[in-house]
Amino acid sequence: MALDADEEILQDFLVEAGEILEKLSEQLVDLEQHPDDSDLLNAIFRGFHTVKGGAGFLQLEALVNCCHSAENVFDILRNHKRKVTPDLMDVVLEALDNVNAMFEEVRNREEPTPAPDELIEALDALAKPESEDAPAVEAPTPAQEPSSADVGQQGDQGDITDEEFEQLLDALADEKSDGQKPVGNEQVSTPAESAGGSDSDEITDDEFEALLDQLHGKGQFAGAPAEDEAPKADIDTSGGSEKSSGDADLISDDEFENLLDELHGKGAGPSAGAAAGEPKPAPAPSSKAEPAPEPKKAEAKAESKAASKPAPAPAREAAPAGETTVRVDTKRLDDIMNMVGELVLVRNRLQRLGSESEDEHMHKAVANLDVVTTDLQAAVMQTRMQPIKKVFGRFPRVVRDLARSLKKEVNLVMHGEETDLDKNLVEALADPLVHLVRNSVDHGVEAPDVREKAGKPRAGTVTLSAEQEGDHILLSIVDDGAGMNPDVLRRKAVEKGLYDQDAADRLTDNECFNLIFAAGFSTKDQISDVSGRGVGMDVVKTKIGQLNGQINIMSEQGKGTSIIIKVPLTLAIMPTLMIMLGDQSFALPLVNVVEIFHLDLTKTNIVDGKECIVVRDKVFPLFHIKRWLVHGAAGQAEPENAHVVIVAMGTKQVGFVVDQLIGQEEVVIKPLGRALQGTPGMAGATITGDGRIALIIDVPSLLQHYG
């Protein structure tokens, strides 16, 4: 590897190849569902080809070899010489895993480890046509260049393989680099030899131009379009030397790029260009074998015309629009977000001061500042947004591999992949979602035979969806599997010592479903490499809680299970309900608040030794959080009336008694200092509109520690 390669070039390769490899994982699984999709086959071929090209430039031989072998397989597939099968996909996906592993090593500035020889051999075996009766269709070896006769046949089909085209380019490059001999001394095969297959390893300019004629119509790439009928370069068969007609023979950079676009761009081969109405006269392979009647006169005439009248510039396509995107380091976006956060705090402070002033101009200025700050905040948050497709993209492969290993048939359906949320959330949600999807495939979906006996289709369905609801994102993982049995969950809870029998019997079905989030809890009797150890779901719940999110489970036996996750759009700025406990202000995340009401505290009840209230026939445990959070409040006499805020965590709802309600306010989360880091029940701190510091309450952590 060229470890001393230009850092900028290496970074460009890492970014571009990283995006391509992410797409390839989705495309390969999609291909298994749609094996005859030629656009998809071409896109995958181009993906491997592009990664190979970048790796070759950086001299990453191991990566080049693996991509090249995979590329050959898709060259055979897209030419319909082999069919896509699950076994073939297993090999290709293993190759992609190896490419990804090598790519990570390059990212870490390490020499990539070559793919196993068995894998390369398996790919090479798949790169041969299924029917071995037609050996002629095999890709030629580098030492054996295609002859002009072959080129003519390919021209008739309107297609040439990329590998053959690259070999032509290599031959031309070698010819130029071999000391750049004078034209008169070059060994040029006669037209007859060209037609019959030359013994020389090099291709002549005439043969290359004939190839262009076959692909794009005679004379399309000539320097002087007016002289299409005149030969571009004449071969003197008597002397064996080639006479160049000057610059008119050269193909311009633009034309060459157009040719590459035809071959590689947007999945369209040369035949597609012809179908689109591009002028493409019928190829005439024999025209090269029969020299023009008077080559000398024709050449002289062409040269005299070229001298008297300058060749018009080849028609150029409309200039491409300038780049509309720019790559920005995420740290810079974080800095801008922090500054906007400070601006929000200043705005809150000015709003508080403005409300105390009677100056009309002051009110207008503060109102304008509020509008501008809100727009700026929305714009900056938008720059940090990414489609959740970045997370969803990995699931087709996860489900496909897991279903094959478990001998199950599972279809994955995804909705709302374009839903945007904060970049930090996209990264934080990846692991919890992977675990939940794996759980649905392993625990939820039954084996095909079991499903058939139950009157269901053999293939199960896992549906993954995302949608925006206000300032939150709703994510759901739904399977049509066996569902959960509450009685089994109660029995397991007693076995694990989480509840005694009486307490377990009193659990509602919904509370039973939420038992799967308890640490060490598993319904599997056998431990496998997929699940059964009882770790994972508790980590998922903790992670979602850290994101100020909620997770709910609904299940129906025999019908399936739904897991619903609700997370805020962004982590940096949070809508909260500001409350007072004594003379200290606190912020409750609005996502947790269900309702607020005024309560006569003399009308509470005691159930199982806990204070409770009954609201609309629902029982809510009641907590005086002032006793937990305010120093010296435990011994104070309780007032007869107070405000109660009902907060929710998942399916559980409790009431918090507070002294005073200030109102809703958007706050910027500031991390706690080192001395306060890890304080139970505290998610961070913020500065309120009156300039004071308010602690942001982490509801799940608060109840876990004190309740």
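Please refer to the structure placed before this passage.
Counting starts from 1 at the beginning of each chain's written sequence and moves along it residue by residue. Thresholds applied to this predicted model are a pLDDT of at least 70 for local features of residues and 80 or more for the giving and counting of side-chain atom pairs; totals over whole chains, interfaces and linings are not thresholded and use all residues. Each side-chain value is derived from all of the structure's non-hydrogen atoms; neither hydrogens nor water enter the calculation.

(A) Region of interest: the side chain of Asp698. Note on conventions: DSSP H or I runs of at least 4 residues are helices, E runs of at least 2 residues are strands, and numbering of each starts at the N terminus. On the secondary structure map, Asp698 appears in the loop between β20 (693–697) and α25 (699–706). For the buried Asp698, no salt bridge is present, and the opposite-charge side chain at shortest range is Lys541, 11 Å distant. Note on contacts: a residue pair is in contact if any heavy atoms of the two residues lie within 4.5 Å. In this structure, Asp698 is in contact with Gly681, Met682 and Ala683, ignoring residues within four places of it in sequence. The buried label applies to any residue whose accessible area, calculated with a 1.4 Å probe on protein chains only, is under 20% of its type's maximum; exposed applies above 50%, and partly exposed to all values in between. A residue counts as positive if it is Lys or Arg and as negative if it is Asp or Glu; His and the chain ends are not included. Every case where a carboxyl oxygen of Asp or Glu lies within 4 Å of a side-chain nitrogen of Lys or Arg is listed as a salt bridge.

(B) Here's a closer look at the layout of surface pockets. In this model, the largest pocket occupies a volume close to 2000 Å³. Lining the largest pocket are 42 residues; nearest its centre among them are Tyr499, Glu511, Lys541, Met649 and Lys652. Listing elements by their share of the lining of the largest pocket, those giving two or more residues are α21 (501–506), α22 (509–513), α23 (537–546), β8 (550–556), β14 (610–615), β15 (618–623), β17 (652–658) and α25. Element by element, the count of residues in the lining of the largest pocket is highest for α23, at six residues. Residues that form the lining of the largest pocket fall into these classes: 20 nonpolar, 14 polar and eight charged. Cavity and pocket criteria rest on a 1 Å grid covering protein atoms alone: a 1.4 Å probe that fits but cannot get out defines a cavity, protein on both sides within 12 Å along at least 5 of 7 lines defines an open pocket, and an atom within 4 Å of a point defines a lining residue. Grid points are joined across faces, edges and corners, and a volume is the space filled by probe spheres set on the points. By volume, the second largest pocket amounts to about 1700 Å³. The element contributing the most residues to the lining of the second largest pocket is helix α1 (residues 7–33), with 10 residues. As a working rule, the residues Ala, Val, Leu, Ile, Met, Phe, Trp, Tyr, Cys and Pro are called nonpolar, Asp, Glu, Lys and Arg charged, and the rest polar, with Gly in that last group. Of the residues assigned to the lining of the second largest pocket, the class counts are 14 nonpolar, nine polar and 18 charged.

(C) Summary view of the sheet that holds strand β6 (residues 460–469). Whether two strands pair comes down to DSSP finding at least two bridges between them. Strand order in the open sheet made by the five strands is β4-β6-β7-β9-β8, with mixed pairing throughout. A single partner strand is all that each edge strand has here, and the edge strands are β4 (410–415) and β8. Taking the axes of each pair of neighbouring strands and ignoring which way they run, one obtains an average angle of 15 degrees across the sheet. Examined bridge by bridge, β4 and β6 share six bridges and lie parallel to one another. Counterpart to Val413 in the pairing with β6 is Thr463. Angles here are taken between N-to-C directions and fall from 0 to 180 degrees, while the axes themselves are lines fitted to C-alpha atoms, restricted in helices to the stretch in contact. This element, helix α17 (residues 395–405), spans β4 and β6 of the sheet and lies at about 165 degrees to β4. Strands in contact with helix α18 (residues 423–444) are β4, β6, β7 (472–479), β8 and β9 (560–568); relative to β7, the strand with the most contacts, it is inclined by about 20 degrees.

(D) Structural view of the side chain of Glu446. With respect to the secondary-structure elements, Glu446 resides in the loop between α18 and α19 (448–453). On the accessibility criterion, Glu446 (13% relative accessible area) is buried.

(E) Spotlight on α25. Turning to α25, its buried residues number three or more, namely Val699, Leu702 and Leu703. Each buried residue of α25 sits inside an arc of 90 degrees when the element is viewed along its axis, so together they form one side. Structurally, α25 contributes buried residues whose contacts are with β11 (584–589), β15, α24 (625–629), β16 (641–649), β17 and β20. As used here, the arc belongs to the directions running from the helix axis to the C-beta atoms.

(F) Focus on the sheet that holds strand β19 (residues 682–687). Across the sheet, which stays open at both edges, the five strands sit in the order β18-β10-β11-β20-β19 with mixed pairing between neighbours. A single partner strand is all that each edge strand has here, and the edge strands are β18 (660–668) and β19. Taking the axes of each pair of neighbouring strands and ignoring which way they run, one obtains an average angle of 35 degrees across the sheet. By the bridge criterion, two bridges tie β11 to β20 in an arrangement that is parallel. Counterpart to Ala587 in the pairing with β20 is Ile696.

(G) Spatial organisation of the packing of aromatic side chains. Each Phe, Tyr or Trp ring, with Trp reduced to its six-membered ring, pairs with another whose centre is within 6.5 Å; inter-plane angles below 30 degrees give stacked pairs, above 60 give edge-to-face pairs, and intermediate values give tilted ones. Summed over the entire model, instances satisfying the criterion amount to four aromatic pairs. Ring centres of Phe392 and Phe395 lie 6.2 Å apart, and the angle between their planes is 65 degrees; this geometry places the pair in the edge-to-face category. The exposure class assigned to Phe395 is buried, which follows from its relative accessible area of 0%. Two conditions define a charge located above a ring, namely a distance within 6 Å from the ring centre to NZ of Lys or CZ of Arg, and an angle within 35 degrees of the ring normal. Its end group placed over the ring of Phe45, Arg78 keeps NZ or CZ at 3.9 Å from the ring centre.

(H) Examining the environment of Val434 more closely. Positionally, Val434 belongs in helix α18. Judged by relative accessible area, Val434 falls into the buried class, the value being 17%. Residues Val434 and Phe392, spaced 42 residues apart in sequence, show a C-alpha to C-alpha distance of 9.1 Å. Setting aside chain neighbours within four positions, we find Val434 in contact with Arg394 and Phe395.

(I) Geometry of the pairing of β20. Bridge analysis of β19 against β20 gives five bridges, and the strand direction is antiparallel. From the neighbouring strand, Ile687 faces β20, where its bridge partner is Ile693. Connecting the antiparallel pair β19 and β20 is a turn made up of five residues, with Gly691 showing a positive phi of about 85 degrees.

(J) Up close: the pattern of salt bridges. Under the counting rule described, the total for this entry stands at 29 salt bridges. Note that Arg404 is salt-bridged to Asp90, the shortest N-O span being 2.6 Å. Within this pair, whereas Arg404 is found in helix α17, its partner Asp90 is found in helix α4 (residues 86–107), the two being separated by 314 residues in sequence. By relative accessible area, which is 36% here, Arg404 ends up partly exposed. For Arg458, the salt bridge goes to Glu409, with nearest N and O atoms at 3.6 Å. Placement of the pair is Arg458 in the loop between α19 and β6 and Glu409 in the loop between α17 and β4, with a sequence separation of 49 residues. With relative accessibility at 31%, the residue Arg458 sits in the partly exposed group. Linked through salt bridges whose partners overlap, the residues forming this network are Glu32, Asp87, Asp90, Asp97, Arg397, Arg400, Asp401 and Arg404.

(K) Examining the packing of helix α3 (residues 61–78) against helix α5 (residues 117–126) more closely. The N-to-C vectors of α3 and α5 enclose an angle of 20 degrees; their axes lie 8 Å apart at closest approach. Taken as axis vectors, α3 and α5 run roughly parallel relative to one another. The chirality of how α3 crosses α5 is left-handed. Residues Asn65, Cys66, Ser69, Ala70, Val73 and Ile76 of α3 form the contact with α5, whose participating residues are Ile120, Leu123, Asp124 and Leu126. The residue makeup of the contact of α3 with α5, split by class, is seven nonpolar, two polar and one charged. Each angle is binned into one of four classes, with values under 35 degrees roughly parallel, values over 145 roughly antiparallel, values of 65 to 115 roughly perpendicular, and all other values oblique. Two helices crossing with the near one rotated counterclockwise from the far one by less than a right angle form a left-handed crossing, whereas a clockwise rotation gives a right-handed crossing.

(L) Structural detail: the nonpolar core. By nonpolar core we mean a set of buried residues, namely Ala, Val, Leu, Ile, Met, Phe, Trp, Tyr and Cys, connected to one another through side-chain atoms within 4.5 Å. Leu433, Leu475 and Ile565 are the most contacted members of the largest nonpolar core, which totals 47 residues. When residues in this core are grouped by element, the largest group, 10 residues, is from α18. Beyond its immediate sequence surroundings of up to four residues, Leu475 is in contact with Ile388, Phe392, Leu429, Leu433, Ser465, Ala466, Ile563, Ile564 and Ile565. The next biggest cluster of nonpolar side chains, apart from the first, holds 45 residues, and it includes Phe13, Leu58, Val73 and Val99.

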